[in-house]
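# Structural description and commentary
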Amino acid sequence: MRRIQTVIHSLGLDALGTPVVRLRTPEAWVVAPGQAILADFLGASGLLTPVFPCEIERGLLALPVDASGCPAPGARLDLFGPVGVGFQPPAAARRWLLSSTEAS
């Protein structure tokens, strides 16, 4: 498992209004859809929280967070992973519908 040290770039909301932190990541560090990241939101506490990114771009990740315990922009964050197999959408696929069997 790979460890990445990053800085919180910004706080915001995703398309559904969920609070997210946006992080700059190394270009070579690739996270596939369906893979999780382990994040140390408490800073060097050793307590890792599994999080599924809600936005994935090369060099940028958005992770959903609890707004009450969220670190401020500029705070350092340790990430571990990615964890899991993930999936690769077919190149010809233009739209996807993902659903859950559990209520959020």
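Reference entry: report on the structure contained in this document. (Residues numbered from 1 in each chain as written. Predicted model: local features only at pLDDT ≥ 70, side-chain atom pairs only at ≥ 80, totals over all residues. Heavy atoms only, no water.)

### A word on the nonpolar core
Put simply, the test is: In this text, buried Ala, Val, Leu, Ile, Met, Phe, Trp, Tyr and Cys residues form a nonpolar core when linked through side-chain atoms within 4.5 Å. Each residue is assigned to one of three classes by its accessible area relative to the maximum for its type, calculated with a 1.4 Å probe on protein chains only: buried under 20%, partly exposed between the two thresholds, exposed over 50%. Here, two residues are considered to be in contact whenever any of their heavy atoms come within 4.5 Å of each other.
Counting 15 residues, the largest nonpolar core has Val21, Leu23, Trp29, Ile37, Phe41, Leu63 and Leu79 as the members making the most contacts within it. If sequence neighbours within four positions are ignored, isoleucine 37 has contacts with Trp29, Val31, Thr49, Pro50, Val51, Pro53, Leu61, Leu63, Leu79, Phe80 and Pro82.

### Considerations on the environment of alanine 15
The test is simple: By definition, any uninterrupted DSSP run of H or I lasting at least four residues is a helix, any uninterrupted run of E lasting at least two residues is a strand, and each is numbered from the N terminus.
Looking at where alanine 15 falls in the secondary structure, it is placed in the loop between β1 (2-13) and β2 (19-24). Under the relative-accessibility criterion, alanine 15 is labelled exposed at 83%. Each C-alpha atom of the pair alanine 15 and cysteine 54 lies 9.5 Å from the other, and the pair is 39 residues apart in sequence.

### Structural notes on the sheet that holds strand β4 (residues 49-51)
Counted only if it meets this: Two strands qualify as a pair provided that DSSP identifies no fewer than 2 bridges between them. Inter-axis angles, ranging from 0 to 180 degrees, are taken between N-to-C directions of lines fitted to C-alpha atoms, where helices are fitted over the stretch in contact.
Strand order in this open sheet of seven strands is β4-β3-β7-β1-β2-β6-β5, and the pairing throughout is antiparallel. Each of the sheet's edge strands pairs with one partner strand only, and the pair in question is β4 and β5 (55-57). The average undirected angle you get between the axes of adjacent strands in this sheet is 35°. Of the pairings in the sheet, the one linking β2 to strand β6 (residues 60-64) comprises five bridges and is antiparallel in character. Opposite arginine 22, over in β6, you have alanine 62 as the bridge partner.

### Regarding the pattern of salt bridges
What counts is decided by this rule: Salt bridges are defined as contacts in which a side-chain nitrogen from Lys or Arg sits within 4 Å of a carboxyl oxygen from Asp or Glu.
Applying the stated criterion across every chain, the model contains two salt bridges. Residue arginine 3 pairs with aspartate 78 through a salt bridge whose shortest N-O separation is 3.0 Å. You can see arginine 3 sitting in strand β1 and its partner aspartate 78 sitting in strand β7 (residues 76-83), a full 75 residues away along the chain. The class of aspartate 78 is buried, set by a relative accessible area of 16%.

### Brief notes about the environment of alanine 67
If you trace the backbone, alanine 67 turns up in the loop between β6 and β7. Residue classification places alanine 67 among the exposed residues on the basis of a relative accessible area of 53%. As a C-alpha pair, alanine 67 and threonine 18 span 49 residues in sequence and 8.8 Å in three-dimensional space.

### Side note on the pairing of strand β3 (residues 36-40)
In terms of burial, β3 is a largely internal element, five of the five residues being buried. Where burial is concerned, the two faces of β3 agree: the one with Ala36, Leu38 and Asp40 and the one with Ile37 and Ala39 are both buried. Here β3 pairs with β7 via four bridges, running antiparallel. Each bridged residue has a counterpart across the sheet, and for aspartate 40 the counterpart in β7 is aspartate 78. With three bridges joining them, β3 and β4 adopt antiparallel strand pairing. Pairing of alanine 39 across the sheet is with threonine 49, part of β4.

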